[in-house]
Amino acid sequence: MSDDAASSSSPSSPSLPSSPSLPLSPSSRRDFLRDAALGAGTLLTAGSLTPAFAQQAPAVVTSERLRPQVDSGAMSGDITRDTAMLWSRTDRAARMVVEYSVHENFKNAVTMVGPAALVRNDYTARVDLRGLPVSQRLYYRLRFQDLQHESAWSAPVTGSLIIPGGGELDISFAFSGDEAGQGWGINEAWGGYRVYETMRRFKPDFFIHSGDQIYADGPIQAEVKLDDGSIWRNLVTPAKSKVAQTLDDYRGNFAYNLMDVNKKRFMAEVPFLVQWDDHEVRNNWYPGQVIGAAEKRYQERELDVLRQRARQAMFEYNPFRIDVADPERIYRSFNYGPLLEVFMLDERSYRGANSPNRQPLQGPDAAFLGAAQMRWIKQALLRSRSTWKVIASDMPISIVVPDLNADVPQGTFEAWANADNGKPSGRELEVAELLRFIKRHNIRNVVWVTADVHYASATYYMPEKAQFTDFKPFWEFVGGPLHAGTFGPGEIDRTFGPDVRYVSIPADMKQNRSPADLYQFFGIAKIDARTKVMTVSLHNVEGSKLYGVEIAPEA
């Protein structure tokens, strides 16, 4: 290697209603749209047949106010094997209709009638596209048909996606996290979430968003005075002017980020794989927590109540493929054939309470992944036949993250590490268990990517430098923040022998640097289909390469 500084299997297809021939009579079409599945969508036409929504001439719409609006754009995600989810949102009860083709001019397009966007889902809708070509760009456009006024259609929203795989073409992906935190929101005069436009220019096949998609606990003010005396001006909405507590508050936090033109342009071209961390709910939360009296902003004190509302909003506002057997499950894997498989962890839903993190034995109090998720990740890694196995972790392994909330005791830790530099204890016991399993089963070419700490870094873990030595050497790369305050660098726990090769910020940096200081970071990984070499680079908001390493695969 060299360095330099500068899913689970796809679920079975749902049972779909039979597709009538087009065109439909008004009454038949009403009955069909009423009865069409509210889930994955219904295949209507293929080949050269005219899509359903194209039959409705805009001239028949007598009033612009009758047309559904699609201000949040469209997003794809959860791409794996030959499937992809498409997501969008409108402003009223309306039916999503999607047209897609391998041709940019939509020749031989396939049309699907998707689910109804209803008030109970905040007018969001998803369709699950299946049987898609691999390693070939797919073009899509979608519209919404008003359920009350059938002649009223939204303007079309277009996008594209690619499902990497097959082993014959290179694969690339971006990774980062931490979006709209610490009061730094959408400043249109500055250019909005500029990092998304920068990442788009790298043309990644997909994007791993490693959590903190929103800052539900971070209100945004209209103006913030910067160190140089200038004023940072945010767009502000009612949902972002307070901490989120109701379901509509959480929905409003996700909707806020979709006001940014850079993000909408990016997500129309690059599929998302998403996981959550703490700020989707509340800073440093854990299951069963009760918000203490020292935190004055919350009327709802039960974190499990907030968690359910936050999870619902996250599922509604992402192209997330719900696991029918476990509808609340967030951890999953995405298989891209012989070159790559991605494993997305959930380090929130099953953890024990934040504590001094020094428990001598594993158990519920020291849980981070939890027993069921640990069994899953072991077996998923063991089954994988891909050269590279990328584990997307909500939080880094060796960077110490204290829980500094006013309503928790001092000396409490938030992440894996406990700052003692000794033998594994507390949550570190799970890391040791997983690393030992990887070594003993000779699972090769495992790389970790993460975010959370609001700076970028590259770390190589070496058994010869570790207190726990029963593991294969591996890399961990940290991205972020996408658009939030910059912090760090954090203290490093030496239990697993971290050799920190790069840190993106000065050791004495002033904390909570604004996006205007350009300390926003992301990573790009590329796998060469011929040599199987993975190249990982870290970049700033302007796209400048800060660090890079080539990792040769273990034979």
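Along each chain, numbering runs from 1 in the same order as the chain's sequence is written. Local features are withheld for residues below a pLDDT of 70 in this predicted model, meaning they are given only at 70 or higher, and side-chain atom pairs are given and counted only at 80 or more; totals for whole chains, interfaces and linings count all residues. To obtain the side-chain values, all non-hydrogen atoms of the structure were included, while hydrogens and water were left out.

### Considering the overall build of the protein
- Helical segments are the DSSP runs of H or I of at least four residues, strand segments are the runs of E of at least two, and each set is numbered from the N terminus. Per the secondary structure count, the protein includes seven helices and 24 strands.
- Relative accessibility decides the category of a residue: with a 1.4 Å probe and only protein chains considered, values under 20% of the type maximum give buried, values over 50% give exposed, and everything between is partly exposed. The proportion of buried residues among the 555 residues of the protein is 61%.

### Here we look at the nonpolar core
- Put simply, buried Ala, Val, Leu, Ile, Met, Phe, Trp, Tyr and Cys residues joined by side-chain atoms within 4.5 Å make one nonpolar core. Ranked by internal contacts, the top residues of the largest apolar core, which has 97 residues, are Tyr100, Phe206, Ile208, Tyr336, Leu340, Val342 and Phe477.
- Tallying contributions element by element places helix α7 (residues 428–440) first for this core, with six residues.
- The contact criterion used throughout is that any non-hydrogen atoms of two residues lie within 4.5 Å. Residues within four places of Phe206 in sequence aside, it is in contact with Ile79, Pro164, Ile171, Ser172, Phe173, Ala174, Val270, Pro271, Leu273, Tyr336, Leu340 and Val342.
- Judged by nonpolar contacts, the second largest core, of 43 residues, contains Ile214, Ala255, Phe320 and Val541.

### Re the pattern of salt bridges
- Note on definitions: salt bridges are taken to be side-chain nitrogens of Lys or Arg within 4 Å of carboxyl oxygens of Asp or Glu. What the rule picks out here adds up to 32 salt bridges.
- Among the ionic contacts, a cluster of salt bridges with common partners joins Glu197, Arg200, Arg201, Arg265 and Glu269.

### With respect to the sheet that holds strand β18 (residues 446–450)
- Pairing is mixed in the open sheet, where seven strands are placed in the order β15-β16-β17-β18-β20-β19-β21. Both edges of this open sheet fall to β15 (332–335) and β21 (498–503), since each of them pairs with a single strand only. When the angles between neighbouring strand axes are averaged without regard to direction, this sheet yields 20°.
- Where strand β19 (residues 457–461) lies against β21, five bridges are found, and the strand directions are antiparallel. Bridge pairing in β21 links Ser457 to Val503.
- Angular values range over 0 to 180 degrees, each being the angle between N-to-C directions of two axes fitted as lines to C-alpha atoms, with helices fitted over their stretch in contact. With respect to the sheet, helix α6 (residues 371–383) is in contact with β15, β16 (340–344) and β17 (388–392), its orientation differing from that of β16 by roughly 180°. Strand pairing is assigned whenever DSSP detects at least two bridges linking the two strands.

### With respect to the confidence of the model for the protein
- Scored between 0 and 100, pLDDT is the confidence that the predictor attaches to each residue. Per-chain confidence: the protein averages 91 in pLDDT, with 89% of residues scoring 70 or above.
- This model gives residues 54–59 a pLDDT under 50, and the stretch forms eight contacts once residues within four places in sequence are excluded.

### Quick word on the packing of aromatic side chains
- In this scheme Phe, Tyr and Trp rings, the latter by its six-membered ring, pair at centre separations within 6.5 Å, and the angle between planes marks the pair as stacked below 30 degrees, edge-to-face above 60, and tilted otherwise. Evaluated as defined, the whole model comprises 28 aromatic pairs.
- Arranged with centres 5.5 Å apart and planes meeting at 90°, the rings of Phe207 and Phe266 form a pair that is edge-to-face. Note that Phe207 is positioned in strand β11 (residues 206–209) and Phe266 in helix α4 (residues 261–267), a separation of 59 residues in sequence. Comparing Phe207 with Phe266, the two get one shared label, buried.
- Ring geometry for Tyr331 versus Trp376: centroids 4.9 Å apart, planes at 50°, classification tilted. With a gap of 45 residues between them, Tyr331 in the loop between α5 (303–316) and β15 and Trp376 in helix α6 connect regions that are remote in the sequence.

### Re unusual backbone geometry
- Between Gly480 and Pro481 the backbone carries a cis peptide bond, its omega angle lying at 0°.
- The residue Pro481 is located in the loop between β20 (474–478) and β21 in this model.
- Cis geometry marks the peptide bond from Gly488 to Pro489; its omega dihedral reads -5°.
- In the Ramachandran plot, Ala180 falls in the positive-phi region, its phi being about 70° despite a non-glycine side chain.
- Following the sequence through the fold, Ala180 ends up in the loop between β10 (171–176) and α2 (194–201).

### Some points on the layout of surface pockets
- A cavity here means a set of 1 Å grid points, computed over protein atoms only, where a 1.4 Å probe fits but cannot escape. A pocket is an open set with protein on both sides within 12 Å along at least 5 of 7 lines, and lining residues have an atom within 4 Å of a point. Grid points are joined across faces, edges and corners, and a volume is the space filled by probe spheres set on the points. In this structure, the second largest pocket spans a volume of roughly 520 Å³.
- Lining the second largest pocket are 24 residues; nearest its centre among them are Val401, Pro402, Asp452, Val453 and Phe487.
- Polarity classes work like this: nonpolar for Ala, Val, Leu, Ile, Met, Phe, Trp, Tyr, Cys and Pro, charged for Asp, Glu, Lys and Arg, and polar for all others, with Gly in that last group. For the lining of the second largest pocket, a count of residues per class yields ten nonpolar, nine polar and five charged.

### Notes on the packing of helix α3 (residues 247–257) against α5
- Here α3 crosses α5 at 40°, and the two axes come no closer than 9 Å. Classified by the angle between their axes, α3 and α5 sit oblique to one another. For the element pair α3 and α5, the recorded crossing hand is right-handed. On α5, the residues touching Leu247, Tyr250, Arg251 and Phe254 of α3 are Leu306, Arg309, Ala310, Gln312, Ala313, Met314 and Glu316.
- Class assignment of the residues belonging to the contact of α3 with α5 gives a composition of seven nonpolar, one polar and three charged. Note that the term roughly parallel is reserved for angles under 35 degrees, roughly antiparallel for angles over 145, roughly perpendicular for angles of 65 to 115, and oblique for everything else. In a left-handed crossing the near helix is turned counterclockwise from the far helix by less than a right angle, and in a right-handed crossing that turn is clockwise.

### Considerations on empty space enclosed by the protein
- Taken as a whole, the largest cavity holds about 70 Å³ of empty space.
- As for the largest cavity, its lining consists of Met75, Gln213, Phe254, Asn257, Leu258, Lys263, Phe272, Val274, Tyr317 and Asn318.
- Every element with two or more residues in the lining of the largest cavity is listed here: α3 and β14 (272–274).
- In the lining of the largest cavity, the residues fall into six nonpolar, three polar and one charged.

### What to know about the environment of Ser151
- Tracing the chain through its elements places Ser151 in the loop between β8 (138–146) and β9 (157–161).
- For Ser151 and Leu66, which are 85 residues apart along the polypeptide, the C-alpha to C-alpha distance reads 9.0 Å.

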